[in-house]
Amino acid sequence: MPISQEAMARFWAKVDVRGPDDCWPWTAGTDRAGYGKLKVDGRDVGAHRISCEIADGPIPAGLSVLHSCDNPPCCNPSHLKPGTGRRNLVEAVERGRRPESLRGSHPRAKISGEDAAAIRSSNLPGIVLARQFGVAKSTITFIRRGSSEALKERRRARRAEVMAGA
Ligand SMILES: [Zn+2]
C-alpha cells in the first residue's frame, strides 16, 4: 500500500517523536491490543505498519510488523521490522487462516479484508501468495481482478468529476 503525503502528514501529527533510540508512542486511537490505528482510504491501518512502510517501503504480503521493543503503540521505525513472529502465527491459526501444521494449502481458508489489501498491493506471483494465504491460485487472481475493476471504476468517477468542473 503506497502511503500518500496526506496520510503521512496525519500519521506524523499523531506520533510523539523522541530520541532515536526511544520508543515513539502513538498518541491517537489504538486497537484492543494497544496498536495505533490510522484511517487510510477508509480502513484502519496499524500505525506501526505505516511507520515501517515509510521507513523501508512496502511490507511483503503475509508479513506482520514486529516490535523489537515489545511496546505495541511504539512507532519508532528503528524498533520495527517485518516478519512472522510466533504471536502472529498463533493469531493466524486462531483466525483459521492456516491449518495447525502451518504447511500445505487450505482451500477453505478465509481471506480477511486486510489480507485482500495485502494481496492487491503485493507484486509477488499469484502462486506464492496462494501458498502464503493458504488459498487457491484462482482466489488470488479473483481478488486481484476485483481490485483492477474497482480501480478503473474510481478513475472513471474521477474523470467525470473533472469534466463536471469539481
Ligand atoms: Zn519502541
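As the structure is a computational prediction, the values presented were derived from the model and not from experiment.

Definitions and cut-offs
Residues numbered from 1 in each chain as written. Predicted model: local features only at pLDDT ≥ 70, side-chain atom pairs only at ≥ 80, totals over all residues. Helix = DSSP H or I, 4+ residues; strand = E, 2+ residues; numbered from the N terminus. Core = buried A, V, L, I, M, F, W, Y, C linked by C-beta atoms within 7 Å. Buried ≥ 20, exposed ≤ 12 C-beta atoms within 10 Å, placed from the backbone. Contact = placed C-beta atoms within 7 Å.

Q: Account for the environment of Ser138, with residues named and values stated.
A: Positionally, Ser138 belongs in helix 6 (residues 137-163). In this structure the C-alpha to C-alpha distance between Ser138 and Ile127, which are 11 residues apart in sequence, comes to 9.1 Å.

Q: Could you give an account of the nonpolar core, naming the residues involved and the relevant values?
A: Listed in full, the 10 residues of the largest apolar core are Phe11, Val15, Trp24, Trp26, Leu38, Val45, Ala47, Ile50, Cys74 and Cys75. Here Trp24 is in contact with Val15, Asp16, Val17, Arg18, Cys74, Cys75 and Asn76, once residues within four sequence places are set aside. Core analysis: the next-biggest nonpolar cluster, separate from the first, contains 8 residues, Ile119, Leu129, Ala130 and Ile143 among them.

Q: Would you mind going over helix 2 (residues 47-56) in detail, with residue names and values included?
A: The buried fraction of helix 2 amounts to 7 of the 10 residues, a majority that puts the element mostly inside the structure. Listing the buried residues of helix 2 in full gives Ala47, His48, Arg49, Ile50, Ser51, Cys52 and Glu53. Close packing links the buried residues of helix 2 with helix 1 (5-13), strand 1 (37-40), strand 2 (43-46), strand 3 (64-67) and strand 4 (80-83). Looking one or two residues beyond helix 2, the residue adopting positive phi is Gly57, at roughly 90 degrees.

Q: Please give an account of unusual backbone geometry that cites residues and values.
A: Not every positive phi belongs to a glycine, and Asp41 is a case in point at roughly 50 degrees. Here Asp41 is to be found in the loop between strand 1 and strand 2. Of note in this structure, Asp70 is not a glycine but carries a positive phi near 55 degrees. Considering the arrangement of structural elements, one finds Asp70 in the loop between strand 3 and strand 4. Look at Asp70 and you get exposed, because 10 C-beta atoms sit within 10 Å.

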